[in-house]
Amino acid sequence: MPFFSLKGSGFYISFIYNKNLIYNGKTMPHSDLPFRALSVLHTSRFLFNTYGFHNVGVDRIIESSKTPKATFYNYFHSKERLIEMSLTFQKDGLKQEVISIIYVQKDLTLLEKLRKIYFLHADLDGLYHLPFKAIFEIAKTHPKAYQVVVEYRNWFINEIYNLLLTTNENASKQDAHMFLFVIDGAMVQLLDPNKAGEREKLLDYFLIQFKSL
């Protein structure tokens, strides 16, 4: 989560887990963004999550965040840059949570870690929802922003693969790919009111297959 800090006479919010957001054309260590810029970012993430990337334009974001158009373009320059920053925010939040589960919460068993990681992602109200939507909506229209999603998925697969290896030397990269595939399948089912309750079944299927290796 963000933390609040005062810097000089200006009020800023810093993302404690994000080191690579770009503000005003520059990469900002720890992403110290002015409050108004962060307000636009939060508004856009909500609107993209709710209505989709293509159904939300710059004018709607400006109106909803009560930000002057000139200020918006000073912060973000384009809609694609805003999408990229929104996805980076989600990506870095997910990374922080996954790293905590795998490396910090040492009292958890492998299965407990996998379950926590699974339900962290398989949640329409969670951080993974926006990157998941991006897979279907922006791969061709906003390829630079989409690379944020590609980078996260590759990182995630490597982390899950290394986690699986801690208890099973026969684990493969394909098993990690399958785990992500199961997460994506759960997200699809959550979008269907008739299948929303099957999230647990998908996870159980993966765990049974992994135990049989």
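Residues numbered from 1 in each chain as written. Predicted model: local features only at pLDDT ≥ 70, side-chain atom pairs only at ≥ 80, totals over all residues. Heavy atoms only, no water.

Caption draft 1: Fine view of the overall build of the protein chain. Per the secondary structure count, the protein chain includes 9 helices and 5 strands. Counting from the amino terminus, helix and strand elements in the protein chain follow one another as β-β-β-β-β-α-α-α-α-α-α-α-α-α. The 213 residues of the protein chain split such that 48% are buried. Of all intrachain contacts in the protein chain linking residues separated by at least 6 positions in sequence, the fraction that spans at least 24 positions is 60%. Carbon together with sulfur atoms contributes 55% to the accessible area of the protein chain, which is approximately 11,100 Å² in total. (Helix = DSSP H or I, 4+ residues; strand = E, 2+ residues; numbered from the N terminus. Buried < 20%, exposed > 50% of the residue type's maximum accessible area, 1.4 Å probe, protein only. Contact = heavy atoms within 4.5 Å. Areas by Shrake-Rupley, 256 points an atom, 1.4 Å probe, with all protein chains shown as cover.)

Caption draft 2: Representation of unusual backbone geometry within the structure. One non-glycine residue, K66, lies in the positive phi region at around 55°. With respect to the helices and strands, the residue K66 is situated in the loop between α2 (58-65) and α3 (69-76). For K66, a relative accessible area of 70% puts it in the exposed group. Although it is not a glycine, H77 adopts a positive phi angle of roughly 70°. In this fold, H77 is placed in the loop between α3 and α4 (79-104).

Caption draft 3: View of the packing of aromatic side chains. For the structure on display, the rule yields 13 aromatic pairs. Seen from their ring centres, F179 and F206 are 5.1 Å apart, and the 55° between their planes marks the pair as tilted. Here F206 lies in helix α9 (residues 199-211) and F179 lies in helix α8 (residues 173-190), a separation of 27 residues in the sequence. According to the relative accessible area criterion, F179 is buried, its value standing at 0%. Accessibility expressed as a relative area gives 4% for F206, which makes it buried. Among the aromatic side chains, those forming a connected cluster through ring pairs are Y118, F119, Y152, W155, F156, F179, F206 and F210. (Phe/Tyr/Trp six-rings, centres within 6.5 Å; stacked < 30°, edge-to-face > 60°.)

The analysis is restricted to geometry; functional conclusions fall outside its scope.
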